[in-house]
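Examination of the molecular architecture
Single-letter residue listing:
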Amino acid sequence: MVKMMSRMSINLDLSNVIIDFKFSKYVEGLNAYTTLRSIYIKDCIITSDGAEAIAEAIKQLSAIERISISRCQMAQEDLKKMTSALKNISTLQVCYIQSMILESDLNPDVSGLCWNQYSRISTLTDTLKMNANLYWLSLDANNLGDFDMQLLGKVLGTNKGLKYLGLSGNSIGSAGARAIAEGLEINKKLEYLCLKNNNFGDAGTVYFAKALGTNDCLRHVRLIANDIGRVGAMALADMLMVNTRLEGLDLGLNRIGCVGAKFLSRSLRHNCQLEDLNLDFNGIRNIGAVSLASSLKVNGTLARLRLFGQNGDGENRIGSVGIRLLQKASTRNGKITVNFRME
């Protein structure tokens, strides 16, 4: 008599290997006796046959929930083959595709492919259209640019499942920011948006501020290191006057300065939702700190204000007067914690 054994759920983790045609047989063998829940592939070289094998293997997995592919070297067309397979997986919930090293990055003349002429994520946008269970998508550090953001922005307007979207380090300019912002004006599901280390500056920030003025779903937005100055800070301050949902706003490593800090201070007098505001490394001096301290006396919801700085162009050099007033306002408020560095 053959005794039936229950299937064991496992995670597949591959790193620092060459993935070729044998991958599909490997997964087929695992899938015969186990249930694959997650696949992690990092620091690998993926051949064209390997990409096809991964795509075929993914299609056969009936319970896969998480796929992470990072820092892998492969051809751009092969990446499309792999991501195209994702649209048929209704169980997929979390997807990371980060820091991919494509042939078009190493040699822009290969097959005539260039990042600003061809979409890298058109197949992923199809996945977002078809898969309502995918709630976490991270596409950090893939040099996507504005063209792909236009495709993604259109999908964001209709997507009903995604809660987290990571787009850090993707050379997003003002045109790409506008496309994403237009999608956010319609989107009713996304809660976390991470846009660190892009290039959209004040112009792109104005688009995002406009979208956040009407969006009632986003809870946390990270805009670290995006060359945001006083104009962007003013737009965000106007947004905070009307937004009733945003809980966290991360503006570290920008250049809002004292003028931008004043704009934000005025909005903090009226905003009743924001709990966490990060202004690290923004060139804020005593004048800006005094303005922020004045707002903290009346703000009843902010729980954390960050004003860290260190040697460099963006250092927050808050003198003794500003520090004393911030400490006094924090004590009077009774709820907020102010983290800063004395000069």
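Our structure is the block above this text.
Calculation notes
Residues numbered from 1 in each chain as written. Predicted model: local features only at pLDDT ≥ 70, side-chain atom pairs only at ≥ 80, totals over all residues. Heavy atoms only, no water. Salt bridge = Lys/Arg side-chain N within 4 Å of Asp/Glu carboxyl O. Helix = DSSP H or I, 4+ residues; strand = E, 2+ residues; numbered from the N terminus. Buried < 20%, exposed > 50% of the residue type's maximum accessible area, 1.4 Å probe, protein only. Patch = residues over 30% accessible without salt bridge, like charges linked within 9 Å, V, L, I, M, F, W, Y side chains within 5 Å. Areas by Shrake-Rupley, 256 points an atom, 1.4 Å probe, with all protein chains shown as cover. Lys, Arg positive; Asp, Glu negative; His and termini not counted. Charge placed at Lys NZ, Arg CZ, Asp CG, Glu CD. Pairing = 2+ DSSP bridges. Axes fitted to C-alpha atoms, helices over the stretch in contact; angles between N-to-C directions. Polar contact = N/O pair within 3.5 Å; in protein donor to acceptor, adjacent residues only side chain to side chain. Contact = heavy atoms within 4.5 Å. Phe/Tyr/Trp six-rings, centres within 6.5 Å; stacked < 30°, edge-to-face > 60°. 1 Å grid on protein atoms, 1.4 Å probe; cavity = no way out; pocket = protein on both sides within 12 Å on 5 of 7 lines; lining within 4 Å. Points joined across faces, edges and corners; volume = space filled by probe spheres on them. Nonpolar A, V, L, I, M, F, W, Y, C, P; charged D, E, K, R; others polar.

**Some remarks on the pattern of salt bridges**
- The full count for this structure, using the stated rule, is 15 salt bridges.
- The shortest N-O distance in the salt bridge between Arg-222 and Asp-250 comes to 3.2 Å. Taken together, the residues span a long stretch of sequence, with Arg-222 in strand E12 (residues 220-222) and Asp-250 in strand E13 (residues 248-250) at a distance of 28 residues.
- A residue is classified by how much of its surface remains accessible, and Asp-250, at 11% relative accessible area, is buried.
- Here Arg-306 makes a salt bridge to Asp-280, at a shortest N to O gap of 2.4 Å. Here Arg-306, found in strand E15 (residues 304-307), pairs with Asp-280, found in the loop between strand E14 (276-278) and helix H11 (286-296); they are 26 residues apart in sequence, far enough to count as distant.

**Considering a positive patch on the surface**
- Judged by side-chain charge, Arg-269, Lys-297, Arg-324, Lys-328 and Arg-332 come together as a positively charged surface patch.
- For Arg-269, a relative accessible area of 40% translates into the label partly exposed.

**Quick notes on the sheet that holds strand E1 (residues 8-15)**
- Pairing is parallel in the open sheet, where 12 strands are placed in the order E1-E3-E5-E7-E9-E10-E11-E12-E13-E14-E15-E16. Pairing within the sheet leaves two strands with one partner each, and these edge strands are E1 and strand E16 (337-340). Each adjacent strand pair in this sheet contributes to an overall mean axis angle of 5°, direction not counted.
- One ladder, built from 3 bridges, connects strand E9 (residues 136-138) with strand E10 (residues 164-166); its direction is parallel. Bridging from a neighbouring strand, Leu-137 pairs with Leu-165 of E10.

**Notes on the side chain of Gln-98**
- Among the secondary structure elements, Gln-98 is positioned in strand E7 (residues 94-98).
- Among the polar contacts listed, one links the side chain of Gln-98 to the side chain of Asp-140, at a separation of 3.5 Å.
- Discounting chain neighbours no more than four positions away, the residues touching Gln-98 are Ile-69, Ser-70, Arg-71, Ser-138, Asp-140 and Asn-142.

**Considering the packing of aromatic side chains**
- Throughout the structure, instances matching the rule amount to 3 aromatic pairs.
- Between Tyr-96 and Trp-136 the ring centres are 6.4 Å apart and the planes differ by 40°, which places this aromatic pair in the tilted class. Residue Tyr-96 is located in strand E7, and its partner Trp-136 is located in strand E9; the two are separated by 40 residues in the primary sequence.
- The exposure class of Trp-136 is partly exposed, given its relative accessible area of 27%.
- With centroids separated by 5.2 Å and ring planes inclined at 65°, the aromatic side chains of Phe-200 and Phe-208 adopt a geometry described as edge-to-face.
- Among the residues examined, Phe-200 registers a relative accessible area of 3% and is labelled buried.

**Some words on empty space enclosed by the protein**
- One pass over the full model with this rule turns up 2 cavities of 30 Å³ or more.
- Its volume calculated, the largest cavity comes out at about 80 Å³.
- Along its surface, the largest cavity is lined by Leu-79, Thr-83, Ile-97, Met-100, Leu-102, Arg-120, Ile-121, Leu-124, Leu-139, Asn-142 and Leu-144.
- Considered class by class, the residues forming the lining of the largest cavity number 8 nonpolar, 2 polar and 1 charged.
- Reported here for the second largest cavity is a volume of approximately 40 Å³.
- Lining the second largest cavity we find Ile-58, Ile-67, Ile-69, Met-82, Thr-83, Leu-86, Cys-95 and Ile-97.
- Those elements that provide at least two residues to the lining of the second largest cavity are strand E5 (66-70), helix H3 (76-84) and E7.
- A per-class count over the lining of the second largest cavity returns 7 nonpolar, 1 polar and no charged.

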